[in-house]
Structure formats: C-alpha cells, structure tokens
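# Structural features, examined
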Amino acid sequence: MKYLFLILIIPNILFAQKDLLFYKMSATDFMKLLEVNRPIDARNPNNALLDAAIFHATNEQRIKFNMPIFVYSTQLHEATVGHSEAMINQDFYSHENPFNPIEKNMIDRIYLYTKQYRYMAENIAQHDILGGNDDKYCFEVPKRGQDFIFLNCNSKKIIPIRTYAELARSVVNGWMNSPHHRQNILDPTLKSMATSGRISKGAFKTQRSPFARLTQDFGG
C-alpha cells in the first residue's frame, strides 16, 4: 500500500511544480507562451494557466508605472481559489460569501492560510470570455442536444473565445479603469499578490454566454 500511495501522489506533485514555474517567469516571457495565446476551452479550462495569466497581466501594470512587481504568494492563491470556486459553485458575486461563515470576508479567507500580512486588499470581477467589443450578443437556439452559438448581432459571425492572455488583460484593464481596484494594484504598501479565475459551468448549454468570476488578493 505504501508504494501505491506514492504512485498516486507523485503526479499531483509534478503538476503543482509545473504550475509554480509559471510564477518564476517574467511577465513578458509568460505572455509569449503558445498555450497562453490559445483560446480558452470553456468546457475544460486550464485554471492554473488562467490564474497565472491574470497575475502576470497585473504585473504588467506595475512595470508600466515603474513599480516593483508583485511577489506570488501560494497562501493568497489558496484564499482566492476558494472564493472564486464558491462564487461559481454557489452562484453569487460579492466580496462576502453568504454561504460560509468561516470564509465570509477577505480577512477571514486569508487568515485561514496565513497571518503574515498587516495590510490586505481584494479585487473581484465578473467577465465574459467571449471576444469582441460588443456587450450585446445574439444567439442561435440549438437543436436538441446541441450547444448555443453566440453571434455578433450585426455581422452574424460567430464570436470567438478569448485567449488566456486576452481575458487576463481585459480583466486587469477593467480593474485599472475603476479607481478603487486601480488603487489596490498600484498601492506601494502591497507587496504580494495572487489571483484565480473560474469559468461558469455548462458552457454553451444556456443562452447566457460563458463568463469567469475572479478573485485577486493582496498582502503587505
């Protein structure tokens, strides 16, 4: 049984090590990766890739404003994953979790994993993963057993899915255009950061276009 246990756990360790390599890369090098520039598979997204893409897109803004980049924190990452998954699984969008008193707010969630930070902040977002600049989409009602197809209302062309890099930069640009969220990203007292995003379930099974809910936690 000892050998069987080792065989089962080693692949998980290897995957975790590979994911951590994303955070040892520069933002420039990471954003050039082929897999980062491929469309998101809404039915089976690469969550680790999405999380890292938003992390590096945020550091692109720190670099743009001549600030030290954020340091990745595994503890903050765990806190964000729990909240993003809760927002998707229990279908709410808020800084407060109404379903879990232990993880009700940002401080509660972060303190479950670390108490090293004196200053903390949080950004959340809900973002469509369809490409294009239009807020309004048209759709074709599918035949039984098929998926909805989302179209540009004017051209009637199928709207493409964003790549991981496109979604990450679009989310961060949205935060940068909001004074409160922008303040968190450019706050010099905040040194560590991690982000997670989770995709809505049942992609293309309803007339609601696929979207992501995201959490970004900071510590300093």
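Remember, predicted model here, so these are calculated numbers, not experimental data.

Calculation notes
Residues numbered from 1 in each chain as written. Predicted model: local features only at pLDDT ≥ 70, side-chain atom pairs only at ≥ 80, totals over all residues. Heavy atoms only, no water. Disulfide = S-S within 2.5 Å. Helix = DSSP H or I, 4+ residues; strand = E, 2+ residues; numbered from the N terminus. Expected span 1.5 Å × (residues − 1). Buried < 20%, exposed > 50% of the residue type's maximum accessible area, 1.4 Å probe, protein only. Contact = heavy atoms within 4.5 Å. pLDDT = per-residue confidence, 0-100. Pairing = 2+ DSSP bridges. Axes fitted to C-alpha atoms, helices over the stretch in contact; angles between N-to-C directions. Parallel < 35°, antiparallel > 145°, perpendicular 65-115°, else oblique. Left-handed = near helix turned anticlockwise from the far one by under 90°. Nonpolar A, V, L, I, M, F, W, Y, C, P; charged D, E, K, R; others polar. Polar contact = N/O pair within 3.5 Å; in protein donor to acceptor, adjacent residues only side chain to side chain.

Let us now look at the state of the cysteines. Counting across every chain of the model gives 1 disulfide. Here Cys-138 pairs with Cys-153 through a disulfide, and the sulfurs are 2.3 Å apart. Taking the torsion about the S-S bond as the criterion, the Cys-138 to Cys-153 disulfide, at about 115°, is right-handed. Of the two residues, Cys-138 is situated in strand S3 (residues 137-140) and Cys-153 in the loop between strand S4 (149-152) and helix H6 (164-176); the sequence distance between them amounts to 15 residues.

Let us now look at H6. Between the first and last C-alpha of H6 there are 18 Å, a value that for 13 residues agrees with the 18 Å anticipated at 1.5 Å per step. Among all positions of H6, only Tyr-164, Ala-165, Leu-167, Ala-168, Val-171, Val-172, Trp-175 and Met-176 are buried. In this structure, the buried residues of H6 make contact with helix H2 (27-31), helix H3 (47-64), strand S2 (120-128), helix H7 (179-185), strand S5 (192-199) and strand S6 (211-219).

Per-residue confidence for the protein gives a mean pLDDT of 89; residues scoring 70 or more make up 90%. Counting contacts from residues 1-15, a segment whose pLDDT is below 50, to residues more than four positions away or on other chains yields 0 contacts.

To continue, consider the pairing of S5. Both faces of the sheet carry side chains from a regular strand, because those side chains alternate between them. In terms of residue burial, S5 counts as a mostly covered element, since 8 of its 8 residues are buried. Side chains Ser-192, Ala-194, Ser-196 and Arg-198 project from S5 onto one buried face, and the interleaved Met-193, Thr-195, Gly-197 and Ile-199 project onto a second face that is buried too. Both strand S1 (residues 71-72) and S5 contribute to a ladder of 2 bridges, which runs parallel. What sits directly across from Val-71, in S5, is Ser-192. Pairing of S5 with S6 involves 8 bridges; the strand directions are antiparallel. Residue pairing across strands places Ser-192 opposite Gly-219, the latter belonging to S6.

In spatial order, the strands read S1-S5-S6-S2; together these 4 strands make up an open sheet with mixed pairing. What marks the edges here is a single partner per strand, and that holds for S1 and S2. By the bridge criterion, 9 bridges tie S2 to S6 in an arrangement that is antiparallel. The residue of S6 that forms the bridge with Ile-124 is Thr-215. Most of the contacts of H3 go to S5, to which it runs at about 135°, and overall it touches S1, S5 and S6. Against the sheet, helix H4 (residues 74-89) touches S1, S2, S5 and S6, its axis set at about 25° to S5.

This part covers the packing of H3 against H6. Between H3 and H6, the shortest axis-to-axis distance is 8 Å and the interhelical angle comes to 45°. With respect to H6, the element H3 is oriented oblique. In this structure, the crossing between H3 and H6 has a hand that is right-handed. Residues Leu-49, Leu-50, Ala-53, Ile-54, Ala-57, Thr-58, Glu-60 and Gln-61 of H3 form the contact with H6, whose participating residues are Tyr-164, Leu-167, Ala-168, Arg-169, Val-172, Asn-173, Trp-175 and Met-176. Of the residues that constitute the contact of H3 with H6, the class distribution is 11 nonpolar, 3 polar and 2 charged.

Further remarks concern H3. At 3.6 residues per turn, the α-helix brings residues three or four places apart onto the same side. The end-to-end C-alpha distance of H3, which contains 18 residues, comes to 26 Å, matching closely the 26 Å that a straight helix rising 1.5 Å per residue would cover. Burial runs high along H3: 14 of the 18 residues are buried. Put simply, Asn-46 is the residue that caps the front of H3, since its side-chain oxygen is 3.3 Å from the backbone nitrogen of Ala-48. A positive phi of about 55° marks Asn-66, the residue just after H3.

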